[in-house]
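# A structural walkthrough
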Amino acid sequence: FDESFIGLTGDDATLTRLGSDYNLYFARRADPNGSADDYIMDHTSSAFLVNRTGELVAVYAYGTQSEVIAEDLSARLANKQ
C-alpha cells in the first residue's frame, strides 16, 4: 500500500470497539493460497471523514469520485471559517 494512506489499525479489542462506533465491518480469514501465517482481511471499503475529536463527519462510499470528495471537503472547510 502507498505510505501516504492512513488506515485504521490496532489490537482486536480496540478495532472491535471502533468498528462498533463507526459501523465498520472487518473479518480476518485464512488465505487459502498462503502459509499458515498468511491471512486476508475483508473490510468496509468506504472512506470515513473523522474530525479532530474522533466524531464521524462523513462517509464516502467506495467509488465516490475524488472530485466529489474534494468539493465536499472544500465546502466543509469554507463553512468553518
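Each value, and the rule that gives it
- Residues numbered from 1 in each chain as written.
- Predicted model: local features only at pLDDT ≥ 70, side-chain atom pairs only at ≥ 80, totals over all residues.
- Heavy atoms only, no water.
- Helix = DSSP H or I, 4+ residues; strand = E, 2+ residues; numbered from the N terminus.
- Rg over C-alpha atoms; globule rule 2.2 N^0.38 Å.
- Buried < 20%, exposed > 50% of the residue type's maximum accessible area, 1.4 Å probe, protein only.
- Contact = heavy atoms within 4.5 Å.
- Areas by Shrake-Rupley, 256 points an atom, 1.4 Å probe, with all protein chains shown as cover.

## Considerations on the overall build of the protein
Check the secondary structure of the protein and you find 2 helices and 4 strands. Put simply, the protein runs from its N terminus to its C terminus through helices and strands in the order α-β-β-β-β-α. Relative to the compact-globule value of 12 Å for 81 residues, the protein shows a C-alpha radius of gyration of 16 Å, a clear excess of over 25%. Counting only C-alpha atoms and orienting by the principal axes, one finds that the protein spans roughly 50 × 25 × 20 Å. A burial count over the protein gives 7% of its 81 residues as buried. Sequence-distant contacts in the protein: of pairs separated by 6 or more residues, those separated by 24 or more amount to 12%. Of the roughly 7000 Å² of accessible surface on the protein, 52% is carried by carbon and sulfur atoms.

By themselves these figures say nothing about function.
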